[in-house]
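# Residue-level structural notes
The chain contents come next:
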Amino acid sequence: MIGLISATAAGAAARDRLAAAWPERTRVYEGRVGEAVRAAFAECEQVVCFLATGAVVRLLAPLLGGKAADPGVVCVDEAGRFAVSLLGGHGGGANELAREVGEVLGAEPVVTTATDSAGLPGLDTLGLPYEGAVAAVSRALLDGEPVALEAEVAWPLPPLPVADQGSYTIRVTDRAVPAGEREVLLRPPSLVVGVGASKGAPAGEVLALVEGALREAGLSPASVAELATVDAKAEEPGIVAAAERLGVPLVTYSAEELAAVEVPNPSDAPLAAVGTPSVAEAAALVRGGELLVPKRKSAGRPAMATCAVVRRPGRGRLAVVGLGPGARDLLTPRAAAELRRASVLVGLDQYVDQIRDLLRPGTRVLESGLGAEEERARTAVAQAREGHAVALIGSGDAGVYAMASPALAEASDDIDVVGVPGVTAALAAGAVLGAPLGHDHVSISLSDLHTPWEVIERRVRAAAEADLVVTFYNPRSRGRDWQLPKALAILSGHREPTTPVGVVRNASRPDESARVTTLAALDPATVDMMTVVTVGNTATREIAGRMVTPRGYRWQASQEGAE
């Protein structure tokens, strides 16, 4: 919950705007400011004060307990111009909260945390348990000193400006090792503990078994992602309590799923009891991984619990990102966030140049030229399979004549794939022209490099017969100068010569140009590969220089009747 506090009418107005935007996330604290601050500080995860920073500092000073426990605090000035991350920038989430508040109120977020200001992710904000010299290693990164990354377990991380060797180290490990003086340990959630138990098994016995297995194998409890067992044991009190004490979720699988898993130590006892020859090993291995600790029994007499430990490899992440038509303000916030999250960027060189300034220090860029789409797709998937966080970029929407198709054809279910939509060239051109896509429409690429012309022609003919508005991508190049005239001729067989046609070149870019002409007057020689051509249907009209396709024929008829 986010506590909201104000002292004046102006502050209350901004406070109420934020409360209206986030009704489920916020709570307004009324009354005397000092009492309100104390109450919100004690009861909320985060606090937004519509007060002067000096006043908030004085009010908070007696309440501060520690970096790990204090809520994040953001201050907003009376005019609503700035949202200042005052306390708990990383641990309390105040830096991100300041940005969110800024978006709602139109305020400028002010973040002074050193790593954020330098564009570096904080080592304490990666979502992984950490140990060691976070401040010293972060300072070394900021100062440009060599910091080595030792990934004993492959895990997708955001970009970090690391080296092969250095006097400081970031180690990604699930082993129970102490951090060195100049070292940060990041604990990935790579371990799965499979557990079986007899009815009534004490929680202490289950917990002691799990902790002992981890300790003897030299594994860190901080890297345990989950306890896993069979569905029949989903409510077994000892197992449930052990998961709660370890602070991890309890995941269950059906007996049929577990029986299909090949294990080194099957047994007749669980087969008779719950329908699978293995619970602990099978539950740990059912999603794949390396068996680090084979089935072992608890120390009770008789033993009432079993466990096994598996290391699951980190799943790489591939984000297929649409950059939009070119203008920076048409790049979506989600796309920008994915670019900053990726440790590896793969893309066409000219697209990389568009967004290079958005990349964080340490991002590895793999760029190539025109005609290497399949190679870029294979490269991106291969990098994700190595456990990296990868962004594969394309113009417009990555799923429209772009990189999503070849990438997803290459990818399998061993990586996570995220699609990030972008503003397409057709949409950008449509906005420039007016409203040509107000009714049913279709996009057709006239490039026959990957699609036989016979197929393209059949699609153009079908669109013409169906009276669809048609947007032509890749309409004409130096080596392909006859396809556009042929397509226009097909459309001319079903539409009047006066049918409006919109021609937009470099939509949304600084050298954008646009014009509305007609099907008869369009000169294909004026069109190139940077152009989008939109041909209206029989209902499309030019109105005040703009191209408009009515939302429905009935609506159009009523408009004409009114005239």
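Structural notes, computed from the coordinates. (Residues numbered from 1 in each chain as written. Predicted model: local features only at pLDDT ≥ 70, side-chain atom pairs only at ≥ 80, totals over all residues. Heavy atoms only, no water.)

With 6 of 6 residues buried, strand S16 (residues 317–322) is to be regarded as a mostly interior element. In S16, alternate side chains face the same way, and those of Arg317, Ala319 and Val321 on one face and Leu318, Val320 and Gly322 on the other are all buried. As defined by bridge partners, S16 adjoins strand S19 (residues 389–394) across 6 bridges and the pair is classed as parallel. Residue pairing for S19: valine 321 is matched across the bridge by isoleucine 393. As paired strands, S16 and strand S20 (residues 416–420) are joined by 5 bridges and run parallel to one another. By the bridge assignment, alanine 319 is partnered in S20 with valine 418. (Buried < 20%, exposed > 50% of the residue type's maximum accessible area, 1.4 Å probe, protein only. Helix = DSSP H or I, 4+ residues; strand = E, 2+ residues; numbered from the N terminus. Pairing = 2+ DSSP bridges.)

This paragraph deals with the nonpolar core. Val193, Val195, Leu214, Val224, Leu227, Cys307 and Val309 are the most contacted members of the largest nonpolar core, which totals 22 residues. Looking at this core, the elements with two or more residues in it are strand S11 (191–197), helix H7 (203–217), strand S12 (224–230), helix H8 (237–246) and strand S15 (305–311). Among the elements that take part in this core, H7 stands out by supplying 6 residues, more than any other. Non-local contacts of valine 195, meaning those with residues more than four positions away in its chain, are made with Val206, Val210, Leu227, Ala228, Thr229, Ile239, Val279, Ala280, Thr306 and Cys307. Membership of the second largest hydrophobic core comes to 21 residues, among which are Ile444, Ile456, Leu484 and Ile490. (Core = buried A, V, L, I, M, F, W, Y, C linked by side-chain atoms within 4.5 Å. Contact = heavy atoms within 4.5 Å.)

Taken in spatial order, the 4 strands of this open sheet run S7-S10-S9-S8, and their pairing is mixed. In the strand order of this sheet, the two ends are held by strand S7 (130–132) and strand S8 (147–151), each with one partner. When strand polarity is set aside, the average angle formed by the axes of neighbouring strands in this sheet is 15 degrees. As paired strands, S7 and strand S10 (residues 183–186) are joined by 3 bridges and run antiparallel to one another. In the sheet register, glycine 132 faces S10, and the bridge partner there is valine 184. (Axes fitted to C-alpha atoms, helices over the stretch in contact; angles between N-to-C directions.)

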